[in-house]
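# Analysis of the macromolecular model
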Amino acid sequence: MGKGFYLSKALVVTCVVVASAAVATIITLSVVYAQEKSKNEGTTTAGPITTASPPPPPTTPSTPMEPWQRYRLPDSLTPSSYNVTLCTNDTDLILIHSNKLNLTKFDGHHAKLTGLNGAAAPPLKRTWLEVPTQYLVVQLKSPLKAGSTYELFTEFVGELADDLGGFYRSEYMEDGVKKIVATTQMQPTDARKAFPCFDEPAMKAVFHMTLLHPHGTVALSNAERQGGPVNVTLDGMDVVQTSFAPTEIMSTYLLAFVVCDFTFIDIKTLDNKDIRIWARKKAIAEGQGDYALEKTGPILSFFEKYYNSSYPLAKSDQIALPDFSAGAMENWGLITYRETALLYNPNVSSNGDQEWVATVISHELAHMWFGNLVTMKWWNDLWLNEGFATYVSYLGADKAEPTWNMKDLIVLNEIIGVMGVDALASSHPLSSKEEDVLKPEDISQLFDSITYSKGAAVLRMLSEFITEDVFSKGLHTYLEEFKYQNTVYTDLWKHLQMAVDKAGVPLPYSVEEIMNRWILQMGFPVVTIDSKTGKISQKHFLLDPDSVVDRPSPFGYEWFVPVTWIKTGGDEQQYWLQHKEATNTNMMLGPDDWLVANIKMKGFYRVNYDLENWERLLSKLSSKHQDIPETNRAQIIDDAFNLARAKMVDTTLALRTTKFLDKEREYMPWETTRRNLNYFILMFDRSEVYGPMQAYIKKQVTPLFNHFKDLTANWTKIPDNHTDQYNQVNAISMACSTGVPGCKELTTGWFREWMANPEANNPNLKSTVYCSAIAAGGVEEWDFAWSMFKKATIASEAEKLMYALSCTKQPWLLNRYLEYCLDPEKIRKQDATFTITYIAANSVGQSLAWDFIRSNWDHIFNDYGGGSFSFGRLIDGVTKRFSSEFEYKQLLQFKEDNAGHFGSASASLEQALERTKANINWVEMNKKQVLDWFTTEASSSPV
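Each value, and the rule that gives it
Residues numbered from 1 in each chain as written. Predicted model: local features only at pLDDT ≥ 70, side-chain atom pairs only at ≥ 80, totals over all residues. Heavy atoms only, no water. Helix = DSSP H or I, 4+ residues; strand = E, 2+ residues; numbered from the N terminus. Contact = heavy atoms within 4.5 Å. Areas by Shrake-Rupley, 256 points an atom, 1.4 Å probe, with all protein chains shown as cover. 1 Å grid on protein atoms, 1.4 Å probe; cavity = no way out; pocket = protein on both sides within 12 Å on 5 of 7 lines; lining within 4 Å. Points joined across faces, edges and corners; volume = space filled by probe spheres on them. Nonpolar A, V, L, I, M, F, W, Y, C, P; charged D, E, K, R; others polar. Domains from an automatic or database assignment. Salt bridge = Lys/Arg side-chain N within 4 Å of Asp/Glu carboxyl O. Disulfide = S-S within 2.5 Å. Buried < 20%, exposed > 50% of the residue type's maximum accessible area, 1.4 Å probe, protein only. Pairing = 2+ DSSP bridges.

All right, on to the overall build of the chain then. A count of helices and strands for the chain gives 30 helices and 31 strands. Once local pairs closer than 6 in sequence are excluded, the contacts in the chain between residues at least 24 apart make up 72%. Per element, the accessible surface of the chain, about 34,200 Å² overall, is 51% carbon and sulfur.

The probe, sized like a water molecule, is rolled over the atoms to show the empty space still left. Evaluated as defined, the whole model comprises five cavities of 30 Å³ or more. There is about 80 Å³ of room inside the largest cavity. The wall of the largest cavity is formed by Leu543, Asp544, Pro545, Arg645, Lys647, Tyr679, Ala918, Asn919, Asn921 and Trp922. Sort the elements by how many residues they give to the lining of the largest cavity and helix H30 (residues 906-940) lands first, with four residues. Of the residues in the lining of the largest cavity, the class split is five nonpolar, two polar and three charged. Taken together, domain 2 (524-631) and domain 3 (810-942) each give at least three residues to the lining of the largest cavity, which thus spans both.

On to the pattern of salt bridges, then. The final tally for this structure, using the stated rule, is 58 salt bridges. Residues Asp876 and Lys880 are paired through a salt bridge, measuring 3.3 Å at the closest nitrogen-oxygen approach. Salt bridges sharing common partners tie together Glu224, Lys268, Asp274, Arg276, Lys315 and Asp317.

In this structure the tally under the stated criterion is two disulfides. In this model, Cys736 is linked to Cys743 through a disulfide, with the two sulfur atoms separated by 2.1 Å. Taking the torsion about the sulfur-sulfur bond, which here is approximately -90°, the covalent link between Cys736 and Cys743 counts as left-handed. As far as the burial class goes, Cys736 and Cys743 line up, both buried. Paired through a disulfide, Cys771 and Cys807 show a sulfur-sulfur distance of 2.0 Å. Torsion about the S-S bond of the Cys771 and Cys807 cystine: about -100°, corresponding to left-handed handedness.

A word on the pairing of strand E11 (residues 177-185). In this structure, strand E10 (residues 166-174) lies alongside E11, joined through nine bridges in antiparallel fashion. The partner of Ser170 across the bridge, within E11, is Val181. Counting the residues between successive antiparallel strands, the hairpin from E10 to E11 contains two residues, one of them, Asp175, with a positive phi of roughly 55°.

Here it is, written out as structure tokens:
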């Protein structure tokens, strides 16, 4: 273990057989936090800091059929409230989750069992810690008796480490002083690292919290404080005791507690509920929490109306933490965030930072009902929890910022990206079988883009075809029936069907029959429309058509597809494709007509056309592109490039969809093009294709660069429109990377101004300016940016600099930066995997990053959390460029050398292997024609 300090705790679990409830009062959670604080201040403390030894192995051999060898809890005990446990039937075995806790022994046992209210407790037969399944096992000599009440008492020591899981330590510097925060991240399976508990989502309970903490600090938890803080003495130390009201009944993964010296700003809602934003004192003083406070109330109010259900708690605390592994966590009543997801400074932060804050707050507040009030029964339905919150986060953000076009930006931010993952043969269905998700690493692996983004996409599609009003009515009855309970996805389908029936919405099949095809089989279809005959067909879309799909589907990879389309600018129409093939004569075109399908990309599918309609769409884009909706202009580009990778259309057809961009000024088509051409850059930036490709991009982006030069009065103003601000960044970034005259001078000039005066910079342009200038510069620029990164007190500013430092073209600087990733004093653990991925995105840094993770895999895996959410992204990011047999063999060797040591990155590794094979085949097939096309187009009308 890394450096840490230790924490003694006592846990009492009362068991009530067959009926009532049971309790574990968690006290003294922060006592040794006080010891560490004193140690940092150079003073002595009362009582030693003990060192925890690894949990002992089981004292008796186990067979695979024993209950403690299974990863799921038996149904003999379920919690009702901590301190208390409900026993649903007689049992002589108590299993309770415990991980990395050293339990004190009483007469040779890890726990004490006593009877309450006159009951006689059965003697303990044997206790041990079953490390593989993370249980404390308590075997009894005779069963607990129905109707009787018992108390199980444990005492233990746990390390308050910096591993970002369970109850952990976060450190930060403020005014030259090291400060410490003790905080939690329980999801998905780390509550058991904080205290012994029944750590499964269906094991809901009420939590009675009391925290002891040092003077000068504040304690926070899910519920409101009960009474004022009380001064007490514990082991000779004066500490503060803070007690909290009992929580609502909830899952262990939603429990949270924090001890810190933060401060807050607050407001009351119209119904007198407290909203508080907590952060470092300096951050609050600088106004970094103001935006979050301003928007939380309107977003909460929106969801109350959307669900037709009052906010279930008395308060909403939101806290920004210096160290946090995820973006945020929806702990009920105490939401924890990375600083970049809650804090915003308009003088320093970009509009992208502001959008991130709004959408993350909206995502977490959506969970207060969907996920917290009503919770999935088991992690195999995580998609329902996270996919739903991701979808409606855009509705909440749209309410908070109605001019931002958030309901369309979901296409760019969620849908287009996840289609690339779900088009792999190694993808997975949204909903898994319970028996396939057992181990903690199985659960962590589900926190991926399929769960979040595809989940959002199919729920958005559902909401569109039954209408948003009917969708929200179904949600209301669902939440009413199952509040404070657990559900499976079919419960939601049932309530949405009730709303559909009541509203009289015509559907070809039931909600369940339609949606099961989208959640129980992986992937999605490509819908092919022949505009000459009206024939429509569907086929499982695979980026690599030669890949082998070995995952069976109960539906034979066919879907019920809601096909929407417009013909020659007419009204939108809808048709249900219910079979592999069908004919709709309304889709036949006259000689001057054109047709585009999947309007606003409301459906989760790609569209292919007969060649004649493709030519008509290309002609329309060239002559009057505005006749096609902006989202569909982006969709045409994205579909064409992906169809080309799947060998369904010619690659040159896809490239031709970008020719109209010299006249395009809107963000979505440009952003989609940038992402798709980025694949070409990844494949060809080390080959002779790169020069002509850059020349073509330069030709296309020059008018956009000049447009923003004029719009901003020679770069002195910020565009009014939210997406124009994004597209200005695209224009400068692409112009500088392709050598548009004046661009490099512009960005290096801004960077020099910033070096002289750090306040001088447009927040929106910082990321691209920093990157362009550091790429063009040397060690002086890099070292200056590094010094500013270390001094940054605003997390979003630090994040931009962290990215920009990866842009240098100097290999030795990149190698030094990689080494910094293993030193938490230089790069925080929460940021290490992102930094390595940034470096790998640099053509100079890719091979350096790959060598680095291979050389240091054991250290990265063991010290940086093989089960963490970002681990899969590391493999994905470092291997994106792989497109040769040599690289494929290296990846296979890496898999063999580290077998069993990939944790939550296992699926990403398989996807990387599949993607590399597809890249090899694609480059071999397309390199010559791509080179010829770019060469011809780049020279056809030089700028």
